[in-house]
Structures are given as structure tokens and as C-alpha cells.
Amino acid sequence: MKAKDYRTTLEPVWCTGCGDFGMLKALTQALSDLEVPVEKLAVVSGIGCSSRLPGYIRSYAFNSVHGRALPIATGVKLARPEMTTVVVGGDGDGFSIGLGHIPHCVRRDVDLTYAVLDNGIYGLTKGQASPTTDPDLKRELGLAGATERPLNPVLMLLGSGCGFVARTHAGNLPHLRAMLRAAIEYPGFAFVHVLAACITYQPNSYAESLWKRCSMVPDDHDPTSFGKAIELARAERFMLGVLYRRPPEEKPATAGPEGEHSAGIWPPVAAASESVFPV
Ligand code: SF4
């Protein structure tokens, strides 16, 4: 199937230029690359602008309740382990109300791809601060502004023991497509942090400054090194690429039938011998 064959006839209602369009396009391309049959595909989301995405993809689609996409996708995987299951959503849905579900999904190592389109704002409800809002960003809504330190989602997922962690930008379609493809192929819980800007509720300068803060991970980066992944996650710049991919030999033996996965392991074996948090 070609990428366009994964689209429904519904027209997206996103603002022209929103990063959600990039996510939609790259996801259909990745699914086409992997030749995922639509009857074996489930796309699950919570609530928010990017969570409208399941309606635009030919699949079993579930636009669920706020912050509950991961438990619902876990249920899909429990009932139908053969389904390629992709969870999409935004930073508000995933890192605020839905945050508590992430480490548990990670420790169970549910074979899902979780792609979070992180624009650092609640776009659907007109621009309130989210858990990843840049405190330097002036906003019109919110009584006190964003005074709290933002979450670092990549560091958080690594710290939870996630076996696949990547970061990309919604405006770089080939890279986004490659990251989604690698995440879907990964046999376990895979997290893709997708940077974006909200062109309606953030100033144009925000999108520009976001691009300027991005760098590709170095060519010689070893994604199986947990310590190096932590270093990249803590960098001042947003490092794009596969930051961490747990080596296959560190996966526990599968307890269920072939193709299913039992719980993940923590801490990664490599971490024990590396200085992860320098003193
Ligand atoms: S409000 Fe922002 S996040 Fe929502 S569709 Fe428009 S540009 Fe995208």
C-alpha cells in the first residue's frame, strides 16, 4: 500500500502549517514502508489537537479520553497481540494527566509505539502552559506564566527504563518517518519525542528558535550505550536521532508465544558499569 492509501477521506481540521500534518504524513509513509495491513493496525490517542490523528488514518482507531491512551492501547495489545499498535498524542495529554501511565507501560514493556507531538502548549484549549512549556515563552493565557521548570521527556523515558528512545522534529519529514519506522519495528515499548511548534498560539520566533536548538546525534553515537544516551538527553541542545536502543541480548526471554514480550528489565545491564550521573 502507498502512504496515501492509509488516509481516510476525512480532512484534518488542524491549522494550516501545524506540525500535526507532518506527523500524519510521516506515519503513513512509515506504515507503507513496513507494509502494515490496515486490518492489523490500531491507532490510539487521548485528547488534544494531535490526538485527532486516528480519525485520519485507515486503521482500528480510538480517540479516547484525556491521558488514557496508553492503558487503552495496552488493552488492545492484550486482546490482539498481533496488532501493530501506535499511540499518538500531545505533551499535555501525555506528560500531564497521562504521565502516571508511562512508567508502568514501560516496565511492562508493552509492544507499542508511543509518539508524542510536543509543542510545549495546550493548543486545543487555546494556549495554556503544558509540562514542557519553555518558561521564557511569553503567553497570553495563564495567570502567572510558565514559572515551573519544564519536564525533559527523553530523560524521563530513559530513566523509566524505556528500551527505545528517539527524538525528531515534525518539520523534518524524512527523519520523522525514519524514527517512526524504527520505533514500530522495535519489539517492545518505543518512545518517539516529536518536537513541533503551535503556529497559532506561539509566536513565529518560537518555531525558529526551536529549529536553532536542534542538532543531529553524532554519527559515532552508540545507541546501545545507556550512559551516552543520558548525556545526550541532558544536553542543552535538542539532539535528534535514536538516542537509545536496548541491545537485544538484554531483553528477557519471552514468556509467552513467539512474537509476544514479557516484562522489560531495569536497570539496563550496561548502566551498572557506566557513570550515568556524574558527581
Ligand atoms: S492550535 Fe496549534 S497545535 Fe492545534 S492545530 Fe492549531 S497550530 Fe496545531
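Overall, mixed pairing links the 8 strands, which are arranged β2-β1-β3-β4-β6-β5-β8-β7 in an open sheet. Sheet topology places β2 (60–63) and β7 (214–216) at the edges, where each strand pairs with a single neighbour. On average, each strand axis in the sheet is tilted by 20 degrees relative to the strand beside it, whichever way the strands run. Sheet contacts for helix α1 (residues 19–33): β1 (41–45), β3 (84–90), β4 (113–118) and β6 (190–195); angle to β4, the most-contacted strand, approximately 155 degrees. Taken strand by strand, helix α5 (residues 153–160) contacts β4, β5 (164–169), β6 and β8 (238–245), and its axis lies near 175 degrees from that of β6.

Near the ligand you find Trp 14, Cys 15, Cys 18, Cys 49, Asn 119, Gly 123, Cys 198, Ile 199, Thr 200 and Tyr 201, and these make up its full shell. Split by residue class, the shell around the ligand holds 7 nonpolar, 3 polar and no charged.

With that settled, consider unusual backbone geometry. If you check the backbone angles, Glu 35 has positive phi at about 55 degrees while not being a glycine. Tracing the chain through its elements places Glu 35 in the loop between α1 and β1. The exposed category is assigned to Glu 35, whose relative accessible area is 64%.

Scoring rules and cut-offs
- Residues numbered from 1 in each chain as written.
- Predicted model: local features only at pLDDT ≥ 70, side-chain atom pairs only at ≥ 80, totals over all residues.
- Heavy atoms only, no water.
- Pairing = 2+ DSSP bridges.
- Helix = DSSP H or I, 4+ residues; strand = E, 2+ residues; numbered from the N terminus.
- Axes fitted to C-alpha atoms, helices over the stretch in contact; angles between N-to-C directions.
- Contact = heavy atoms within 4.5 Å.
- Near = heavy atom within 4 Å.
- Nonpolar A, V, L, I, M, F, W, Y, C, P; charged D, E, K, R; others polar.
- Buried < 20%, exposed > 50% of the residue type's maximum accessible area, 1.4 Å probe, protein only.

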